[in-house]
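Below are the chains, spelled out letter by letter.
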Amino acid sequence: MCFDKDSPKLGADNLTHYAIKMCQDPTPQWYAVDCKANFKVDLVVRIYDRRDPTRYVEMVVDDPQSGMAVDAAMACHK
């Protein structure tokens, strides 16, 4: 997996949006996270549908060492 270090941007929804992709895949998967949240208590990552960017699912991340949590932390500390 490759984290696009230039992708993190604050969205109109006050979430930080960022892109991750399989390194050879030209199309990224977009995620969003609330960087003001306490990641040890309340880390929710929004995962957007690749075909319809208005649709998403939210996932509670309960392992702060997981790849998803590390990616969110990188997006917030860019």
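Keep in mind the model is a prediction, meaning the values are calculated, not measured. (Residues numbered from 1 in each chain as written. Predicted model: local features only at pLDDT ≥ 70, side-chain atom pairs only at ≥ 80, totals over all residues. Heavy atoms only, no water.)

A.B. asks: Could you clarify how one ought to interpret the overall build of the protein chain in this entry?
C.D. replies: What the protein chain contains, in helices and strands, is one helix and six strands. Relative to its length of 78 residues, the protein chain is compact, with a C-alpha radius of gyration of 12 Å against a globular reference of 12 Å. Across its three principal axes, the protein chain shows a C-alpha extent of roughly 35 × 25 × 20 Å. Counting every position in the protein chain, which comprises 78 residues, the buried fraction comes to 32%. With an accessible surface of roughly 5,400 Å², the protein chain has 54% of that area assigned to carbon and sulfur atoms. (Helix = DSSP H or I, 4+ residues; strand = E, 2+ residues; numbered from the N terminus. Rg over C-alpha atoms; globule rule 2.2 N^0.38 Å. Buried < 20%, exposed > 50% of the residue type's maximum accessible area, 1.4 Å probe, protein only. Areas by Shrake-Rupley, 256 points an atom, 1.4 Å probe, with all protein chains shown as cover.)

A.B. asks: Could you clarify how one ought to interpret unusual backbone geometry in this entry?
C.D. replies: Leaving glycine aside, a negative phi is the common case for residues, and trans is the common case for peptide bonds. For Asn14, which is not glycine, the phi dihedral falls at a positive 65°. Checked against the element boundaries, Asn14 lands in the loop between β2 (9–10) and β3 (16–21).

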